[in-house]
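Spelled out from the first residue to the last, the chains are:
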Amino acid sequence: MKSSDLMVKALENEGVECIFGIPGEENLDFLNSLNGSSIKLVLTRHEQAAGFMAASYGRLTGKPGVCLSTLGPGATNFVTAAAYAQLGAMPLVMLAGQKPIKKSKQGRFQIVDVVGLMRPITKYSVQVVDGGNIPSIVRDAFRIAIEERPGAVYIELPEDIAEEQTDASLFDVVGSRRPHADIVAIDQAVAMIEAAQMPLLLIGAGANRKATGRALKEFVDKTGIYFFNTQLGKGVIDERHERFLGTAALSDHDFLHCAIDRADLIINVGHDVIEKPPFFMEKGGKKVIHVNFFAAHVDDVYFPQLNVVGDISSSVRNIARKIVIDADQDFSYFARVKREVESHLSKYFEDDRFPLLPQRLVSMLREQLAGEDIITLDNGVYKIWFARNYKCYQANTMLLDNALATMGAGLPSAMAAKLLNPDRKVVSVNGDGGFLMNSQELETAVRMKLDLVVIILNDSAYGMIKWKQEGMGFENFGLDFNNPDFVKYADSFGAIGHRPESAEEFHAVLSESLNSSGVHVIDLPVDYSLNHSILNVLLKESACLI
Ligand SMILES: Cc1ncc(C[n+]2csc(CCOP(=O)(O)OP(=O)(O)O)c2C)c(N)n1
Ligand SMILES: [Mg+2]
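Residues numbered from 1 in each chain as written. Chains lettered and ligands numbered in written order. Predicted model: local features only at pLDDT ≥ 70, side-chain atom pairs only at ≥ 80, totals over all residues. Heavy atoms only, no water.

Draft legend 1. The overall build of the protein, seen in detail. Scanning the protein for helices and strands turns up 23 helices and 18 strands. Here the C-alpha radius of gyration of the protein, 24 Å, is about what a compact globule of 546 residues would show, namely 24 Å. Here the protein, with 546 residues, has 58% of them falling under the buried criterion. In the protein, 74% of the contacts between residues at least 6 apart in sequence involve partners at least 24 apart. Here the protein contributes 54 positive and 69 negative side-chain charges, whose respective centroids are spaced 3 Å apart. (Helix = DSSP H or I, 4+ residues; strand = E, 2+ residues; numbered from the N terminus. Rg over C-alpha atoms; globule rule 2.2 N^0.38 Å. Buried < 20%, exposed > 50% of the residue type's maximum accessible area, 1.4 Å probe, protein only. Contact = heavy atoms within 4.5 Å. Lys, Arg positive; Asp, Glu negative; His and termini not counted. Charge placed at Lys NZ, Arg CZ, Asp CG, Glu CD.)

Draft legend 2. Geometry of the site of ligand 1. Surveying the vicinity of ligand 1 reveals 18 residues, the closest of which are Asp432, Gly434, Gly463, Met464 and Tyr528. Here an oxygen atom of ligand 1 and a backbone polar atom of methionine 464 are 2.8 Å apart. Between ligand 1 and tyrosine 528 there is a distance of 2.6 Å, counted from an oxygen atom to a side-chain nitrogen or oxygen. When the free accessible area of ligand 1 is taken as 590 Å², the share hidden by the protein chains comes to 77%. Those elements that provide at least two residues to the shell around ligand 1 are α18 (432–435) and α20 (463–471). When the residues that make up the shell around ligand 1 are grouped by side-chain class, the tally is 9 nonpolar, 7 polar and 2 charged. (Near = heavy atom within 4 Å. Polar contact = N/O pair within 3.5 Å; in protein donor to acceptor, adjacent residues only side chain to side chain. Areas by Shrake-Rupley, 256 points an atom, 1.4 Å probe, with all protein chains shown as cover. Nonpolar A, V, L, I, M, F, W, Y, C, P; charged D, E, K, R; others polar.)

Draft legend 3. Molecular detail of the sheet that holds strand β11 (residues 287–292). Read across the sheet, 6 strands follow the order β9-β8-β7-β10-β11-β12 without closing on themselves; strand pairing throughout is parallel. Strands at the two margins of the open sheet, each flanked by one partner only, are β9 (244–247) and β12 (306–309). Each adjacent strand pair in this sheet contributes to an overall mean axis angle of 20°, direction not counted. Strand direction decides the pairing type here: strand β8 (residues 227–229) and β9, joined by 3 bridges, are parallel. Counted as the bridge partner of phenylalanine 227 is phenylalanine 244 from β9. (Pairing = 2+ DSSP bridges. Axes fitted to C-alpha atoms, helices over the stretch in contact; angles between N-to-C directions.)

Draft legend 4. Representation of the sheet that holds strand β14 (residues 398–399) in the model. Strand order in the open sheet formed by 6 strands is β14-β13-β15-β16-β18-β17, with parallel pairing between adjacent strands. With partners counted over all chains shown, the strands left at the sheet margins are β14 and β17 (496–498), one partner each. Sheet analysis places β17 next to strand β18 (residues 519–525), joined by 3 bridges and oriented parallel. Residue pairing for β18: glycine 497 is matched across the bridge by valine 521.

Draft legend 5. Structural view of the side chain of arginine 139. Examined against the element boundaries, arginine 139 turns out to sit in helix α7 (residues 134–146). Classification of arginine 139 as buried rests on a relative accessible area of 13%. In this structure, arginine 139 is in contact with Glu14, Phe171, Asp172, Val173 and Val174, ignoring residues within four places of it in sequence.

Draft legend 6. The arrangement of the pairing of strand β16 (residues 452–458) in detail. Here β16 lies mainly inside the structure; 7 of its 7 residues are buried. The alternating pattern of β16 places Leu452, Val454, Ile456 and Asn458 and Val453, Ile455 and Leu457 on opposite faces, both of which are buried. Pairing between strand β15 (residues 426–431) and β16: 5 bridges, direction parallel. By the bridge assignment, asparagine 430 is partnered in β16 with isoleucine 456.

Draft legend 7. View of the nonpolar core. Counting residues in hydrophobic clusters, the biggest one holds 105 residues, and the most contacted among them are Leu365, Phe386 and Ile455. With 6 residues, helix α14 (residues 332–345) is the largest single contributor of residues to this core. If near-sequence neighbours (up to four positions away) are discounted, leucine 365 is found in contact with Ile375, Phe386, Tyr390, Val427, Val429, Ile455 and Leu510. Met53, Met118, Leu399 and Ala414 belong to the second largest nonpolar core, which has 47 residues in total. (Core = buried A, V, L, I, M, F, W, Y, C linked by side-chain atoms within 4.5 Å.)

Draft legend 8. Spotlight on the pairing of β11. Most of β11 is tucked away: 5 of the 6 residues are buried. With 5 bridges connecting them, strand β10 (residues 265–269) and β11 associate as parallel partners. Bridging from a neighbouring strand, leucine 265 pairs with lysine 287 of β11. In this sheet, β12 lies alongside β11 in parallel orientation, the contact comprising 4 bridges.

Draft legend 9. Spotlight on the pattern of salt bridges. According to the stated counting rule, one finds 28 salt bridges in the structure shown. In this structure, aspartate 485 and arginine 499 form a salt bridge, with 2.7 Å as the shortest nitrogen-oxygen distance. Here the residue aspartate 485 occupies a position in the loop between α20 and α21 (486–492), and arginine 499 occupies one in the loop between β17 and α22 (503–514), the gap between them amounting to 14 residues. Shared partners join several salt bridges into a network, and the residues in it are Arg45, Glu443 and Arg447. (Salt bridge = Lys/Arg side-chain N within 4 Å of Asp/Glu carboxyl O.)

Draft legend 10. Looking closely at unusual backbone geometry. Residues glutamate 148 and arginine 149 are joined by a peptide bond in cis, for which omega reads -25°. Topologically, arginine 149 is positioned in the loop between α7 and β6 (152–158). A cis amide bond, omega -5°, links phenylalanine 354 with the succeeding residue proline 355. Along the chain, proline 355 turns up in the loop between α14 and α15 (358–368). Of note in the backbone geometry, histidine 253 takes a positive phi value of approximately 60° without being a glycine. Relative to the assigned elements, histidine 253 resides in the loop between β9 and α12 (257–262). Of note in this structure, asparagine 396 is not a glycine but carries a positive phi near 55°. Turning to its location among the elements, asparagine 396 is positioned in the loop between α16 (382–389) and β14.

Draft legend 11. Spatial organisation of the packing of α15 against α16. At a closest axis distance of 9 Å, the pairing of α15 and α16 adopts a crossing angle of 45°. Classified by the angle between their axes, α15 and α16 sit oblique to one another. Of the two elements, α15 crosses α16, and the hand of that crossing is right-handed. Contact with α15, carried on its side by Pro358, Gln359, Leu361, Val362 and Leu365, involves Trp385, Phe386 and Asn389 of α16 and no other residues of that element. (Parallel < 35°, antiparallel > 145°, perpendicular 65-115°, else oblique. Left-handed = near helix turned anticlockwise from the far one by under 90°.)

Right, dumping it as structure tokens:
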């Protein structure tokens, strides 16, 4: 068999359903082998976007998403997506071409050491030098990509190897059960929780990767312990739960930190240091139990006293089973903080000023979306408002990136979410900066006939950096730009552009867009005047009065 045929068979053997990407001439054998396979090709307009889509596919399914590029410039376009998947723990397999490695008449034209380039930002980076190695390389790559912590892998298939004949055969896909935490670690955790006066539960990214929600909810319901989450831990337990305190989108000085400051123990489930810290540890301060698939990476603000390493839901279940509840434990302070947090966060939910406040956008989306519908965020200052103010009812219904925190992934991740969930509504919220970093994918979305709502928060600026600049007391400089006419721009792709001129009109446009087919692009003027006064000033000044 031709090696490129074997490569396609190996991918089919791994259960790959689609490949996102842009082929080049070095992939033509592979492309030909793909023609007629069960694997669908999703042709994109930029390799970076293909990488983001594949990573998001991996994030949502737990199976590696696969992307394809040519050598050199195509493969280097994967770099940001690789970092996105690697930091965000999303299983991703990148497949690229290369010039012939045995004999070539092209000198070093387009040749870059991509295997070397990818090594520090992947879990595995390899060039296929013999078709006979394809079965083991592909099997290993997929195993490594999904093993905790999941991440990116890179496979390079040179042109001359792709066309070679091979008689190698595939390996069976053999999964493995995740190891469970040792009983001694469980007992130590139980003892620490029972000894604590004011324990809190923190839910982080790892708890969203696997189904842990049931176990965690049972733990909370049995113990009455209040919980909060990180941005990547949103929705693991329905955030309408009476013990939910909020999302720690800032590291300190948010209303919720009144509770965190008072806690003497944090049971930290699934969080690791790739996220912006949800709180800072201090020497001699509160204790932390790290419950995750792997032990804690220690740094200056995170040095847990106990690691409970193993499958998260099994650890949580075993701890919950053994724990003896102290019926007299007084959590009324946390209840008061919860009431305070809720009243602060919902303060502008009905405010109809226009341009629209991000808080109002949050409340309108929450009102119009069902529990299973998905919002994806790009990176900008609105991410903080969504993380703090939007309540998720289900796991992975708000896809945001609090790991690489790259701009440009919002629209591609929405497209992957819609592809996987055709019956759920998907809304992509972007800044005007981030949107234009991968807006060419509107064409892909229209071609794929996806029903999507794309909201562009228009402030004609890199607003997030402006907010930080103001917070540091610097003058406004270097962050304003002009925008194209987003309505004409959308229309020119075959999408449907909208530009509402009042809160009421936006409400109607949003509802109409959510309930009709096609790609709807809403150019929404945003009022960021409260970013500084609330996030920089009010929060720093307001002490915990409760
Ligand atoms: C690829 C990339 N470049 C730069 C940054 C740094 N950065 C973070 S947010 C931001 C501004 C975002 O602007 P916009 O998308 O318009 O959102 P806004 O904050 O204005 O709502 C920048 C430049 C980044 N995170 N990723
Ligand atoms: Mg902006």
